[in-house]
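Residue strings, one per chain:
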Amino acid sequence: MGVLAPLLAPAANRSCKRDGSPVKALLIGALVVGLLCCAIVTLAPSGSLMPSNRVRLHLNLGTNKNVEGNEQQVKGKAEALDTALQDQAHLPATDADSQQATAAAVLATSSGDADQNSHKEEAKAAGKQEVAAEQQQPGAEEQQQEEQQDGGKANNQEEEQRDGAEEAEQQGGAEEQLVPTPAAPTAAEEQEEQQEEKEDAAGEQGGLFDGSASQDVSEARGLEFAQRVKDCDNSGQFSCLNRQNNWKLGTSGGQRQFRFPHFYIAGFQKCATTSLFHHLIHHPQVQEPSIKEPEFFTKACSYNAMRCITSQQRGYMRDVLNFRRIQQANFTKAAFEGSTHYGLEGRWLAMQLREHFPWIKIVLTMREPISQAISMVNHMLERHGAARDCYDRKKGLVFECINEDLDYESRYAKSVRPWVKHIPREQLHVLQYENLTSDANMAPALRDLKSFLEIDPLLPSDDLGLKNFRHQRGGEHSDGWPMSRSQYESLVEKARRNAEEIVELVRAQGYADADAWMANWEAAWKMNLKRCQPGPEGECLVILT
Ligand SMILES: Nc1ncnc2c1ncn2[C@@H]1O[C@H](COP(=O)(O)OS(=O)(=O)O)[C@@H](OP(=O)(O)O)[C@H]1O
């Protein structure tokens, strides 16, 4: 208030100069200052208002700078992307080919690398460097998190205004409730209320709509939900999608609705994710994304989902997740994608996804670590002819590579912990590859997964299918990958330590039967050791699970 006094005093002085009384001028000035103080104290609803406004201002300044720097960084990509999207806007939404091409364009803008797995390898190297950097700079992660939060809180001014309007609306609503005590509800009203509560519970639990008397309300709610989320196509921002969390889902044509996007298959590589993807896209309640592994958050957003500019967010919604088709279906189809590299990036991605899409469901599958690592090495050889230095191509020796990988990707617990930390228990589904792919357990594992996803567990079938398999299943290494017994034993020792970590997590969270999980992997190791020649140098031909 002291700041205002010098500003007001000359004005008061000017007006009082007319009757020539400087004392009067001072008195009037003081009176005005006092009145203004009172007015501000009265109008502020609580003492906390001022500090929180200051915080908000600080955030805006910080994030504008952040967004600006970021916009510059990705400007070139964004322009190319915008052109692609403008072209896309003229195409019919049902043109799958062009959608796929645009989806590829969305991602290609951030990397000239069209190959997902060589990207994964690069990312892996980057990940290793990042881990080293993290170790050198304790506290860097927290700082990054703060920056991310800043970035997420100020996508643009328009959003803030809308938030403000919504808050005002909510406050208005709250005030209305304070006005005169309502008359006791009639029996009919009570019945209606109970019905709504029942529907809410059913809606939260998911499952197909049962066609009971509540249909009208659910359909009306479904219409409202669809209408509100539809508008996000124009805004093209995750923050718009995020607001849907405030609205209830309903039904459309008797089918339950899903929030957009509904789930991600986030990992891990070589754990049957492609088969899962294909199984799910044949489900009538699931919408196929335009490409299998968009790696959007890791690729297009340069390892920071908060740094994705609006055109990238819009491109992802429309061209990768097929927003318009889902909208045409009034959100009765679940949007998803499967980027296996996400699983490794939980330390930053889990929290960001949760912030963007608080309802998101995450699926992770894990395979016996030595098999997973060999399958990955083989994938690079087979698909890309790319042999890592650790691989002895001539003799087909893979030991060194697997030994390295067991400290990285195949050490699942390290990657899974952040997902457990940030994604609520009921939104994270953890599967064991050996369980999912076994004849005996495939059907129940698939049904469990689909119940978790709140889609009909019996559709499209109980068969996972077999996609993306290594040719060596019947070829070069079909009799096993060569190494010595002592080498395999040392790998098993490492893999067992890793397994114990992940099994402990599985047990603590109750994701699956932890004992059966461990027994499956122990059985694989035992089977391979049994096939090894005697003595430390005896040859082992390692068969994958
Ligand atoms: N139904 C079924 N039963 C048994 N095994 C199966 C099944 N579906 C997929 N797979 C095996 O999973 C491996 C491919 O995993 P991904 O699709 O996740 O790989 S990728 O990371 O997306 O490239 C790949 O493993 P390898 O063949 O050992 O490389 C597939 O053969």
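Residues numbered from 1 in each chain as written. Predicted model: local features only at pLDDT ≥ 70, side-chain atom pairs only at ≥ 80, totals over all residues. Heavy atoms only, no water.

This next bit is on the site of the ligand. Taken together, 24 residues form the shell around the ligand, and within it Thr273, Thr274, Ser275, Ser375 and Arg470 come nearest. One of the side-chain nitrogen or oxygen atoms of Thr273 is found 2.5 Å away from an oxygen atom of the ligand. Protein burial of the ligand: of its 650 Å² of free accessible surface, 94% is covered by the chains. Elements with a minimum of two residues in the shell around the ligand: α12 (273–281) and α17 (369–384). (Near = heavy atom within 4 Å. Polar contact = N/O pair within 3.5 Å; in protein donor to acceptor, adjacent residues only side chain to side chain. Areas by Shrake-Rupley, 256 points an atom, 1.4 Å probe, with all protein chains shown as cover. Helix = DSSP H or I, 4+ residues; strand = E, 2+ residues; numbered from the N terminus.)

When you tally the buried positions in strand β7 (residues 428–432), you get 5 out of 5 residues, the bulk of the element. Residue alternation in β7 divides its side chains into two sets, Leu428, Val430 and Gln432 and His429 and Leu431, and both sets are buried. Across 5 bridges, strand β6 (residues 361–366) lies against β7 in parallel orientation. Across the sheet, the residue bridging to Val363 is His429, located in β7. (Buried < 20%, exposed > 50% of the residue type's maximum accessible area, 1.4 Å probe, protein only. Pairing = 2+ DSSP bridges.)

Here we come to helix α21 (residues 442–452). Considered for burial, the residues of α21 that qualify are Met442, Ala445, Leu446, Leu449, Lys450 and Phe452. For α21, the arc enclosing every buried residue in end-on projection is 155°, short of the 170-degree limit, so these residues lie on one face. Looking at the buried residues of α21, the elements they touch are α12, β6, β7 and α20 (433–436). (Arc of directions from axis to C-beta. Contact = heavy atoms within 4.5 Å.)

To continue, consider the confidence of the model for the protein. The predicted model of the protein has a mean per-residue pLDDT of 74, with 60% of residues at 70 or higher. Taken as a whole, residues 110–182 scores under 50 in pLDDT and shows 76 contacts with residues more than four places along the chain or in a different chain. When the criterion is pLDDT under 50, residues 202–211 qualifies, and its contacts beyond four places in sequence or with other chains add up to 17 contacts. (pLDDT = per-residue confidence, 0-100.)

Another aspect to go through is helix α23 (residues 514–531). Over its 18 residues, α23 extends 27 Å from the first C-alpha to the last, a length consistent with the 26 Å expected when each residue adds 1.5 Å. For α23, every residue scored as buried is listed here: Ala514, Trp517, Met518, Trp521, Ala524, Trp525 and Asn528. Each buried residue of α23 lies within a common arc of 120° when the element is viewed along its axis, so the set occupies one face. Seen from the open side of α23, the exposed residues pointing more than 90 degrees away from its buried face are Lys526 and Lys530. Among the residues of α23, the N-terminal cap falls to Asp513, whose side-chain oxygen and the backbone nitrogen of Asp515 are separated by 3.1 Å. (Expected span 1.5 Å × (residues − 1).)

Under the definition given, this model contains 4 disulfides. Each disulfide pairs two cysteine sulfurs, and for Cys301 the partner residue is Cys308, the sulfurs being separated by 1.6 Å. Judged by the sign of its S-S torsion, about -75°, the cystine formed by Cys301 and Cys308 is left-handed. Disulfide connectivity for the protein, with bonded cysteines indexed by sequence position, reads 1-2, 3-4, 5-6, 7-8. (Disulfide = S-S within 2.5 Å.)

This next bit is on the sheet that holds strand β4 (residues 286–287). Read from one edge to the other, the open sheet built from 5 strands follows the order β4-β5-β3-β6-β7, with strand pairing classed as parallel. Strands with a single pairing partner mark the edges of an open sheet, and in this sheet they are β4 and β7. In the sheet, strand β3 (residues 263–267) pairs with β6 via 4 bridges, with the strands oriented parallel. Within the sheet, the bridge partner assigned to Ile265 lies in β6 and is Val363. Across the sheet, helix α19 (residues 412–422) is in contact with β6 and β7; its angle to β6 comes to roughly 165°. Relative to the sheet, α21 contacts β6 and β7, its axis offset from that of β7 by approximately 170°. (Axes fitted to C-alpha atoms, helices over the stretch in contact; angles between N-to-C directions.)

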